[in-house]
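Inside the fold
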Amino acid sequence: MFKPKRVIFEKGSLETEIGKNIYDRLKNEQDIEIIKISSNQVKGKIPGDTLFEQYRHGKETLVVGIKKSLKFQTCKPSANYQLPLVSGCMGRCEYCYLNTQLGDKPFVRVFANVDDVLNQAKKYIDDRLPAITIFEGAATSDPIPVEPYTNVLKKTIEFFGKEEKGRFRFVTKYNDVDSLLDIDHNNHTEIRFSINTPRVIDTYEHYTASSDKRIEAAAKVARAGYQIGFIIAPVFLYENWEFEYRELIKSIKDRLPKDFDDTKIIFEVISHRYTTKAKNRILEIFPETSLPMNDDYRSFKYGQFGYGKYVYTKEELSYMKEFFQSEIKNIFPNSIVKYII
Ligand code: SF4
């Protein structure tokens, strides 16, 4: 669960139920600074002169705001729209793609007017009838660590449970799922867990839940009847990686209920890649990083908009793909392997 050092309430947020709840819960905490602002001054309230400092202070800041623009972004290919519930994340994963997306102060923002957001989702669903409309809840965030303060995921899952043609999905690296277990999701929500070997998590994924805790949370939501998925990412090809990734897949098997129907698991596997822009930013925020980002050992893959990525070589990738395809199918014969890239 997220323990912020400062909470900034934007104009109007304290008049909402979520805003009031967060305020009542945190106002007497000794080491949390409470700030109320009337206009768009969030960045000015977060200290830090360098990117290194701004990143750390930003990650300790919770902003409670109101979502004003209710035009949802599209979210292809995995969903139709992004569902704007939360932006940002308390985690400090060295390779996080949000490092280049969220500006110099990557604070966590929760939108307190969740009813407006869900009403808007309803309009998008109705517009596309009779087709099913899928919403992604983690396109620019990890919504789980703030859930104990807001209950917005609970409310959202219940909302989609009642929508015949609406579906919801999100991904997390955390384990605060208890409030989601006993609710009426009606199989309309898919919860994915982003996992990695303990070595990768301990080295690069600071302030996230351990591999064990994520798998334990996945087992809980599986028992509660949710569709579950695992994103094994980013895969690093370090010495002995095959053994450790195999152990990881086996540990998922060991922790899921014995009678678990493995047709209900979806796997996605993504190898490590980086852009030059991301690399430069990572080196400023984590100057001591040991992330493998030596361009000489990678292939350069041209991207859509003129920027390209450094990926593992063709031979390495084809070996990695075969490895995961066969290991996953050995251990979970009926699971769906959506892609390995
Ligand atoms: Fe980024 Fe996810 Fe890590 Fe948060 S948990 S820092 S969103 S990779």
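In the block above lies the structure referred to throughout.
Read on for an overview of the structure. (Residues numbered from 1 in each chain as written. Predicted model: local features only at pLDDT ≥ 70, side-chain atom pairs only at ≥ 80, totals over all residues. Heavy atoms only, no water.)

Relative to the helices and strands, lysine 309 is located in strand β15 (residues 308–311). For the pair lysine 309 and aspartate 295, spaced 14 residues apart in sequence, the C-alpha to C-alpha distance is 9.8 Å. Not counting residues up to four positions away in its chain, the partners in contact with lysine 309 are Arg273, Tyr274, Thr275, Ser299, Phe300 and Lys301. (Helix = DSSP H or I, 4+ residues; strand = E, 2+ residues; numbered from the N terminus. Contact = heavy atoms within 4.5 Å.)

Here we come to the packing of helix α3 (residues 114–128) against helix α5 (residues 152–162). The interhelical angle for the contact between α3 and α5, taken along N-to-C directions, is 25 degrees, at an axis separation of 11 Å. Classified by the interaxial angle, the pair formed by α3 and α5 is roughly parallel. Between α3 and α5 lies a crossing of right-handed hand. The residues of α5 that touch α3, namely those facing Val114, Asp115, Leu118, Ala121, Lys122 and Ile125, are Val152, Lys155, Thr156, Phe159 and Phe160. (Axes fitted to C-alpha atoms, helices over the stretch in contact; angles between N-to-C directions. Parallel < 35°, antiparallel > 145°, perpendicular 65-115°, else oblique. Left-handed = near helix turned anticlockwise from the far one by under 90°.)

Attention now moves to the sheet that holds strand β8 (residues 133–136). Pairing is parallel across the open sheet formed by 7 strands, whose spatial order is β4-β8-β9-β10-β12-β13-β16. The strands lining the two open edges of the sheet, one partner per strand, are β4 (81–82) and β16 (336–340). Taken together, the 6 bridges between strand β10 (residues 189–195) and strand β12 (residues 227–235) define a ladder with parallel strand orientation. From the neighbouring strand, isoleucine 191 faces β12, where its bridge partner is isoleucine 228. Contacts from α5 reach β8, β9 (166–172) and β10 within the one sheet, and its direction differs from that of β9 by about 150 degrees. Packing of helix α10 (residues 314–331) onto the sheet brings it into contact with β12, β13 (265–271) and β16, and relative to β16 it is tilted by some 170 degrees. (Pairing = 2+ DSSP bridges.)

With respect to topology, 5 strands assemble into an open sheet ordered β2-β1-β3-β7-β5, the strand pairing being mixed. In this open sheet, the two edge strands, each paired with only one partner strand, are β2 (33–36) and β5 (86–87). Note: strand β3 (residues 61–65) against strand β7 (residues 108–111), 4 bridges, orientation parallel. Within β7, the position partnered with valine 64 by the bridge is valine 110. Each of β1 (6–9), β2, β3 and β7 is contacted by helix α1 (residues 17–26), which is oriented at about 145 degrees to β1, the strand it contacts most.

Among the 5 residues of β3, 5 are classified as buried, and the element is accordingly described as predominantly covered. Side chains Thr61, Val63 and Gly65 project from β3 onto one buried face, and the interleaved Leu62 and Val64 project onto a second face that is buried too. (Buried < 20%, exposed > 50% of the residue type's maximum accessible area, 1.4 Å probe, protein only.)

Along the chain, the position of glycine 91 falls in the loop between β5 and β6 (92–93). Sequence separation of glycine 91 and valine 235 is 144 residues, and the distance between their C-alpha atoms is 18 Å. In contact with glycine 91, not counting residues within four places along its chain, are Tyr55, Lys59, Tyr174, His206, Tyr207 and Thr208.

The two faces of β1 match: Arg6 and Ile8 on one face and Val7 and Phe9 on the other face are all buried. Note that β1 and β3 share 4 bridges and pair parallel. Bridging across to β3, valine 7 finds its partner in leucine 62. Here β1 pairs with β2 via 4 bridges, running parallel. Looking at the pairing, valine 7 lines up with isoleucine 34 of β2. Between the parallel pair β1 and β2, the chain is carried across by α1, and the sense of this crossover is right-handed. (Right-handed = clockwise from strand over helix to strand, strands pointing away.)

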